[in-house]
Amino acid sequence: TESADYPRSMAEVNSAGDRVIHAAWLYKQGAAPYILLSGGNLEFSDMRGTTPAVEMRQLLELLGVPGGALWIQEESENTYEDAVYTAAMLKQKGITRIILVTSAMHMPRSVALFEKQGLDVVPSPTDFTVTERSWQELTALKANQILLNIMPNASSLNLTTNVLKEHLGMVVYRMRGWIE
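Section: the pairing of strand 3 (residues 97-103)
Every regular strand shows the same layout, with side chains that alternate between the two sheet faces.
Working step 1: The sheet contact formed by strand 3 and strand 4 (residues 120-126) spans 7 bridges and is parallel. Counterpart to I99 in the pairing with strand 4 is V122.
Working step 2: On the question of chirality, the crossover connecting strand 3 to the parallel strand 4 by way of helix 4 (residues 107-116) is right-handed.

Some thoughts on unusual backbone geometry
Working step 1: Cis geometry marks the peptide bond from Y6 to P7, where omega comes out at 10 degrees.
Working step 2: By the secondary structure assignment, P7 is in the segment before helix 1 (18-28).
Working step 3: You will see that D127, though not glycine, has its phi angle at about 60 degrees, which is positive.

Comments concerning the pattern of salt bridges
When the charged atoms of two side chains lie near each other, side chains of opposite charge can form a pair.
Working step 1: Applying the stated rule across the entire model yields 6 salt bridges.
Working step 2: The shortest N-O distance in the salt bridge between E61 and R57 comes to 3.4 Å. A residue pair is termed a helical-turn pair when its members lie 3 or 4 positions apart in one helix, as E61 and R57 do in helix 2 (residues 52-62) at 4 residues.
Working step 3: For R57, a relative accessible area of 24% corresponds to the partly exposed category.

Rules used throughout
Sequence positions are assigned chain by chain, starting from 1 and proceeding in written order. Residue-level local features of this predicted model are given only where pLDDT is at least 70; pairs of side-chain atoms are given and counted only at 80 or more, and the full residue set underlies all totals for whole chains, interfaces and linings. The side-chain figures draw on all heavy atoms in the structure; neither hydrogens nor water molecules are used. Two strands qualify as a pair provided that DSSP identifies no fewer than 2 bridges between them. A run of H or I in DSSP counts as a helix once it spans at least four residues, and a run of E counts as a strand once it spans at least two, with each numbered from the N terminus. Seen with its strands pointing away from the viewer, a crossover is right-handed when the path leading from the first strand over the helix to the second is clockwise. Definition used for salt bridges: Asp or Glu carboxyl oxygen within 4 Å of a side-chain nitrogen of Lys or Arg. Throughout this description, buried means an accessible area under 20% of the type-specific maximum (1.4 Å probe, protein chains only), exposed means over 50%, and partly exposed covers the range between.

Here it is in structure tokens:
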């Protein structure tokens with residue numbers, strides 16, 4: 001999410017906002033009776049007046065999810081802490097099986113972290129960067145597609161950055177013993 005900082009009149013979704021929409025959809029499909037929203041502020045980022053978890057709550061309520069179905073965990077500053085603090089909350093409520101919603105690219109690391117905390121995880125990825133159709137277009141041996149695919153662009157650079165971050169995260173988390 002993006003905070004309701006001026007000139008925004010309310011919290012807004014960012015490029016990973018599909019997570020919020022997907023969670024609302026799952027709730028309305030009856031997949032789970034509650035949604036636990038996880039995300040606090042980074043220690044060095046005290047400028048934000050609220051937390052991502054609270055902002056997601058506001059957006060989910062706008063999407064028609066009742067406030068009583070939304071649980072907040074806003075202490076975590078990274079994915080490892082998301083798993084640790086969320087698992088503690090859920091275990092206090094006797095819950096050990098979860099539907100985990102996050103971006104498809106982020107799902108492998110997230111699943112590993114939540115499973116390491118003893119939770120039975122059902123992955124429900126969203127925010128896909130590659131679809132079947134885009135893959136077919138990417139791999140089509142058409143001269144114009146090949147030319148377009150090899151041209152540098154900012155979107156591809158951003159995607160490369162995100163992929164590298166996930167792979168680096170997996171390495172660091174393994175070194176720390178947070179995942180297998």
